[in-house]
Amino acid sequence: MSAPVALVTGGASGIGFAIVRALVDDGYRVVVCGRSDDRLRHARALVPSLDTVRCDVTDELEVGALMGHVAARYGRLDLLVNNAGLQDNYRFAEVAAIADRARSEIELDLVAPVVVTHAALPLLRQSTNARVVMVGSGTAWVPKPDALVYSASKAALRSVTTGLRWELAPEGIGVVELVPPVVDTAMTAGRDDDKVAPELVADALVSGLRRDRERIAVGTMRWVPILGRLAPGVLERTLRAGVDAGRDVR
Ligand SMILES: NC(=O)c1ccc[n+]([C@@H]2O[C@H](COP(=O)([O-])OP(=O)(O)OC[C@H]3O[C@@H](n4cnc5c(N)ncnc54)[C@H](OP(=O)(O)O)[C@@H]3O)[C@@H](O)[C@H]2O)c1
């Protein structure tokens, strides 16, 4: 059987690129998309086997062309990692205008994974072991004060992830939730919270996929889903105390 095929959105840098490397090491043929040609070129220089496609995942036509590329070259998709994301940090009461900023975050953090997954379905159906990974966040359980729309988008994405898991199970397509802690990437530049390396998240994902896990919560995030179910008040107080003390773990 030929090597499995993975598509990682926003996979030319940050957590996405670490996931790409881990998947290549695990034997996948990997397609990566992103908006910046320079970033894609750089990723290919580091991992020459990468198949890179310039694609803004908030643009439906570009997403269609991306899937056309995967269909023509591979004929199927075994793993889709919806990783591209944006966290716009601001205090709600302090910004002059909010509409465009809110829309941009919702478009990328919520609508894009929905649209990309929908567009990928015909290719996922060609696989005998198809999985979709949604990259979530601890902010889905308790909102981060300087990232309210991001938190809300991730909370909604969590709901989509659960519902889609039920909807696609009869077709044998798995839907996996990945919950990273604070990771050292461009997204968290300027934060002095404890950060883990992107490779830690990537290794947890690959090993969780091998064990057929539905949710892969990494590091400090392991407790969040459990507390969120059993003791949501404790979780909220704990995370709020961290924020008040200037140490957020999400
Ligand atoms: N870092 C953390 O602490 C953390 C914690 C929990 C969850 N997460 C989640 O993990 C994911 C990755 O985060 P990260 O920290 O690696 O972010 P990052 O360093 O900012 O990287 C984001 C990647 O997404 C790409 N991207 C952005 N907009 C895109 C678009 N419209 N279309 C296609 N690609 C796009 C970027 O490349 P281009 O600009 O070239 O397009 C870049 O490669 C996100 O979903 C984030 O919410 C991160």
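Provided above is the structure to which this section pertains.
Quick notes on the rules
Residues numbered from 1 in each chain as written. Predicted model: local features only at pLDDT ≥ 70, side-chain atom pairs only at ≥ 80, totals over all residues. Heavy atoms only, no water. Pairing = 2+ DSSP bridges. Helix = DSSP H or I, 4+ residues; strand = E, 2+ residues; numbered from the N terminus. Axes fitted to C-alpha atoms, helices over the stretch in contact; angles between N-to-C directions. Contact = heavy atoms within 4.5 Å. 1 Å grid on protein atoms, 1.4 Å probe; cavity = no way out; pocket = protein on both sides within 12 Å on 5 of 7 lines; lining within 4 Å. Points joined across faces, edges and corners; volume = space filled by probe spheres on them. Nonpolar A, V, L, I, M, F, W, Y, C, P; charged D, E, K, R; others polar. Core = buried A, V, L, I, M, F, W, Y, C linked by side-chain atoms within 4.5 Å. Buried < 20%, exposed > 50% of the residue type's maximum accessible area, 1.4 Å probe, protein only. Near = heavy atom within 4 Å. Polar contact = N/O pair within 3.5 Å; in protein donor to acceptor, adjacent residues only side chain to side chain. Areas by Shrake-Rupley, 256 points an atom, 1.4 Å probe, with all protein chains shown as cover. Sits in = over half its atoms within 2 Å of the grid points. Expected span 1.5 Å × (residues − 1).

Asker: Tell me about the sheet that holds strand S7 (residues 215-217), and please be specific about residues and values.
Answerer: As summarised here, the arrangement of the seven strands in space is S3-S2-S1-S4-S5-S6-S7, forming an open sheet in which the pairing is parallel. Either end of the sheet is taken by a strand with one partner, and the two such strands are strand S3 (51-54) and S7. Averaged over all pairs of adjacent strands, the angle between strand axes in this sheet comes to 15°, irrespective of strand direction. With three bridges joining them, strand S6 (residues 174-179) and S7 adopt parallel strand pairing. When the sheet's bridge partners are listed, Val-179 is paired in S7 with Ala-217. With respect to the sheet, helix H1 (residues 14-25) is in contact with strand S1 (5-9), strand S2 (29-34), strand S4 (79-82) and S6, its orientation differing from that of S1 by roughly 170°.

Asker: Which residues make up the layout of surface pockets, and what values do they have?
Answerer: Empty space within the largest pocket amounts to approximately 940 Å³. Asn-83, Ala-84, Gly-85, Leu-86 and Met-187 are, among the 40 residues lining the largest pocket, the residues nearest its centre. Elements with a contribution of two residues or more to the lining of the largest pocket: H1, S2, helix H4 (99-124) and helix H5 (148-168). Among the residues making up the lining of the largest pocket, the classes are represented as 16 nonpolar, 17 polar and seven charged. Along its surface, the second largest pocket is lined by 18 residues, and Thr-220, Leu-239, Arg-247, Asp-248 and Val-249 are the ones closest to its centre. Those elements that place two or more of their residues in the lining of the second largest pocket are helix H7 (223-230) and helix H8 (232-244). Per-element tally for the lining of the second largest pocket: the top contributor is H8, with four residues. Here the residues of the lining of the second largest pocket sort into 10 nonpolar, four polar and four charged.

Asker: If you had to explain the nonpolar core to someone new, which residues and values would you point to?
Answerer: Within the largest apolar cluster, 31 residues are counted, with the highest numbers of intra-cluster contacts made by Ile-19, Leu-23, Val-30 and Leu-178. Breaking this core down by element, the ones donating at least two residues are S1, H1, S2, helix H2 (37-46), S4, strand S5 (131-135), S6 and helix H6 (198-210). In terms of residues, this core owes the most to one element, H1, which gives seven residues. In contact with Ile-19, not counting residues within four places along its chain, are Val-8, Val-81, Leu-178, Ala-202 and Leu-205. Listed in part, the 29 residues of the second largest apolar core include Cys-33, Tyr-74, Leu-123 and Ala-130.

Asker: Requested: an account of the site of the ligand, with residues and values cited.
Answerer: Near the ligand you find 27 residues, and of these Ser-13, Asn-83, Tyr-150, Val-183 and Thr-185 are the closest. Val-183 places a polar main-chain atom, nitrogen or oxygen, 2.7 Å from an oxygen atom of the ligand. Here the ligand, which alone exposes 890 Å², has 93% of that area covered by the protein. Its atoms largely coinciding with the cavity grid, the ligand occupies the largest pocket.

Asker: Go over helix H3 (residues 60-74), please, and point to the residues and values.
Answerer: The end-to-end C-alpha separation of H3 is 21 Å, in line with the 21 Å expected for 15 residues at 1.5 Å each. Of the surrounding elements, those touching the buried residues of H3 are S1, S2, S3 and H4. At the N-terminal end of H3, a side-chain oxygen is found 2.9 Å from the backbone nitrogen of Leu-61, two or three residues along, and the residue is Asp-59. Note on H3: the residue one or two positions beyond its end, Gly-75, has a positive phi of about 75°.

Asker: Break down the side chain of Arg-131 for me, with residues and values.
Answerer: Here Arg-131 shows up in strand S5. Here Asp-212 takes part through its side chain, which lies 3.0 Å from a polar atom of the side chain of Arg-131. Excluding residues within four positions of it along the chain, Arg-131 makes contact with Tyr-28, Asp-78, Leu-79, Leu-80, Leu-124, Gly-174, Val-176, Leu-209 and Asp-212.

Asker: Tell me about empty space enclosed by the protein, residues and numbers included.
Answerer: What the rule picks out here adds up to one cavity of 30 Å³ or more. In this structure, the largest cavity spans a volume of roughly 30 Å³. Lining of the largest cavity is provided by Thr-9, Val-57, Asn-82, Ala-84, Leu-108, Ala-112, Pro-113 and Val-116. Here the lining of the largest cavity takes four residues from H4, the largest share from any one element. Considered class by class, the residues forming the lining of the largest cavity number six nonpolar, two polar and no charged.

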